[in-house]
Amino acid sequence: MSLDPWGPLRWLVGKDASLSESILCLGSLSFEERSLAVPVLAGGMGNAEIRLLRVDDPPSGHSTAIQAALVRRRAALAARNVAYTELGADLLATDQRIADVFHTAVGTLPRRPSALWLDISSMPKRYFFLWLKLALNSADIETVLVTYSQPTPGGYVDAHLAEDPEDLRPLPGYTSIVEPSTLVVAVGFESLGLPQFLSEYRDRQRRIVVFIPFPPGQPYAQRIWQTVQRLGLSTVGPDSRRVATLDAFETVRQLDAVLAGDQATADRREQVSVALAPYGPKPVSLGMCLFAMERDAAVFYTQPRSYHPAYTSGTGPSWGYLLKFGGRRLKLE
């Protein structure tokens with residue numbers, strides 16, 4: 001099969017019938033409108049099981065507005081005759097609980113060849129990082145297609161997207177016993193506890209590399225640069241890299257280049273490793289997730305306890321990233 005690893009979702013699934021013949025779509029029932037784009041597309045293909053994760057945030061001043069938005073999302077799915085199963089779990093669930101929800105969702109996966117569509121558009125990193133690892137490592141799941149829908153242009157709310165972050169911790173399934181020699185930070189609109197983390201790395205004289213999404217798109221450039229300045233990160237030189245906003249595979253290549261550079265300059269007796277902090281766009285986070293799985297890298301994040309109910313508005317293009325096909329992981333050359 002000759003197939004580019006990613007592209008517009010409709011175009012990608014049109015490349016091979018097995019990507020749409022029998023679908024298990026795992027997505028999110030979210031307050032964001034864009035969370036419906038992929039489930040609606042899958043539901044219209046006539047042979048899809050759809051399971052949507054409803055993540056319950058801790059109580060906050062946004063709780064009432066979020067619940068009202070969820071009512072609207074359910075009504076929109078009903079109006080489109082999309083049948084689905086709703087799976088509930090707490091935002092701050094334990095690693096085991098997150099894994100258990102995944103196994104519940106795929107437990108009735110048909111034995112015939114089928115494609116798992118994992119929609120990360122509105123799925124918290126605590127969930128999709130672990131779910132993707134479980135899916136790619138499962139011998140019962142032959143095909144894995146990660147999907148991502150953008151909001152409409154200019155669709156991010158001007159206010160803070162998220163608030164009240166937890167302490168910085170490894171994401172479920174992504175710890176490492178090796179002391180990292182380099183930290184790679186993908187920046188986004190929010191810093192969410194990163195300043196203290198970065199100061200600790202600076203105190204230990206560790207290398208810090210910043211990944212800046214490019215092009216950020218208007219009107220987002222100023223918000224990205226404000227985050228970079230707030231964190232005191234360099235915007236020039238070898239420790240500042242522009243990464244394609246939507247190309248997850250380019251993020252993997254960039255991370256491989258950082259690691260190769262560290263290995264080339266390290267003492268032969270020194271064990272080199274890279275730790276990751278995915279605070280940027282979801283496709284960049286997806287690339288970090290893939291790299292972390294291949295390299296057994298630690299991934300650190302400060303999970304917000306509260307999200308703005310108008311986090312995004314509208315629905316833009318949907319993209320697909322084919323990671324496993326016919327039981328085999330796809331490798332970048």
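Structure first, text after, so check above.
What counts and what doesn't
Residues numbered from 1 in each chain as written. Predicted model: local features only at pLDDT ≥ 70, side-chain atom pairs only at ≥ 80, totals over all residues. Heavy atoms only, no water. Helix = DSSP H or I, 4+ residues; strand = E, 2+ residues; numbered from the N terminus. Expected span 1.5 Å × (residues − 1). Buried < 20%, exposed > 50% of the residue type's maximum accessible area, 1.4 Å probe, protein only. Pairing = 2+ DSSP bridges. Axes fitted to C-alpha atoms, helices over the stretch in contact; angles between N-to-C directions. Core = buried A, V, L, I, M, F, W, Y, C linked by side-chain atoms within 4.5 Å. Contact = heavy atoms within 4.5 Å. Salt bridge = Lys/Arg side-chain N within 4 Å of Asp/Glu carboxyl O. Phe/Tyr/Trp six-rings, centres within 6.5 Å; stacked < 30°, edge-to-face > 60°. Lys NZ or Arg CZ within 6 Å of the ring centre and 35° of its normal.

*Asks:* Tell me about helix H9 (residues 282-295), and please be specific about residues and values.
*Replies:* Here H9 spans 20 Å end to end across 14 residues, near enough to the 20 Å set by a 1.5 Å rise per residue. Counting buried positions along H9 yields 12 of 14 residues, so the element is predominantly enclosed. Every buried residue belonging to H9 is among Lys282, Pro283, Val284, Ser285, Leu286, Gly287, Met288, Cys289, Leu290, Phe291, Ala292 and Met293, and all of these are buried.

*Asks:* Talk me through the sheet that holds strand E9 (residues 182-186); I want residue IDs and the actual numbers.
*Replies:* Strand order in this open sheet of four strands is E11-E10-E9-E12, and the pairing throughout is parallel. Two strands lie at the open edges of the sheet, namely strand E11 (240-244) and strand E12 (274-278), each paired on one side alone. Strand-to-strand twist in this sheet, taken as the mean axis angle between neighbours without regard to direction, amounts to 25 degrees. Alignment of E9 against strand E10 (residues 207-214), held across five bridges, turns out to be parallel. Directly across from valine 184, in E10, lies its bridge partner valine 209.

*Asks:* Please provide a residue-by-residue account of the nonpolar core, values included.
*Replies:* For soluble globular proteins, the rule of thumb is that nonpolar side chains tend to be buried together. Trp117, Trp131, Leu132 and Tyr321 are the most contacted members of the largest nonpolar core, which has 112 residues in total. Leaving out residues up to four positions away in the same chain, tyrosine 321 has contacts with Pro5, Trp6, Leu12, Val144, Leu145, Val146, Tyr148, Leu246, Ala248, Phe249, Pro283 and Leu286.

*Asks:* Help me get a handle on the pattern of salt bridges, residues and values and all.
*Replies:* Tallied over the entire structure, the rule returns 13 salt bridges. Here arginine 34 makes a salt bridge to glutamate 32, at a shortest N to O gap of 2.9 Å. Residue arginine 34 shares its accessibility class with glutamate 32, and that shared class is buried. Across the pair glutamate 166 and arginine 305 runs a salt bridge whose closest N-O atoms are separated by 2.7 Å. Of the two residues, glutamate 166 sits in the loop between strand E7 (162-165) and strand E8 (169-170) while arginine 305 sits in strand E14 (residues 304-307), which places them 139 residues apart along the sequence. Residue glutamate 166 is classed as buried on the basis of its relative accessible area, which comes to 17%.

*Asks:* Requested: an account of the environment of proline 304, with residues and values cited.
*Replies:* On the secondary structure map, proline 304 appears in strand E14. In this structure proline 304 comes out as buried when scored by relative accessible area, which is 0%. In this structure the C-alpha to C-alpha distance between proline 304 and histidine 62, which are 242 residues apart in sequence, comes to 13 Å. Setting aside its immediate chain neighbours within four residues, proline 304 contacts Leu91, Ala162, Glu163, Asp164, Pro165 and Leu192.

*Asks:* Which residues make up the side chain of serine 28, and what values do they have?
*Replies:* As for its position among the elements, serine 28 is in strand E2 (residues 23-28). Using a relative accessible area of 3% as the deciding quantity, one classes serine 28 as buried. Apart from the residues within four sequence positions on either side, serine 28 is in contact with Ser35, Leu52, Leu53, Ser122 and Met123.

*Asks:* Help me get a handle on the packing of aromatic side chains, residues and values and all.
*Replies:* For the structure shown, the criterion picks out 11 aromatic pairs. Taking 5.5 Å as the distance between ring centres and 80 degrees as the angle between the ring planes, the aromatic pair formed by phenylalanine 129 and tyrosine 174 counts as edge-to-face. Taken together, the residues span a long stretch of sequence, with phenylalanine 129 in helix H5 (residues 125-137) and tyrosine 174 in the loop between E8 and E9 at a distance of 45 residues. Here tyrosine 174 falls in the buried class, since its relative accessible area comes to 1%. Grouping aromatic residues by their ring pairs yields a cluster made of Trp6, Phe249, Trp319 and Tyr321. When the ring centre of tyrosine 174 is taken as origin, the NZ or CZ atom of lysine 133, which lies over that ring, is 4.2 Å away.

Structural measurements only, silent on function.
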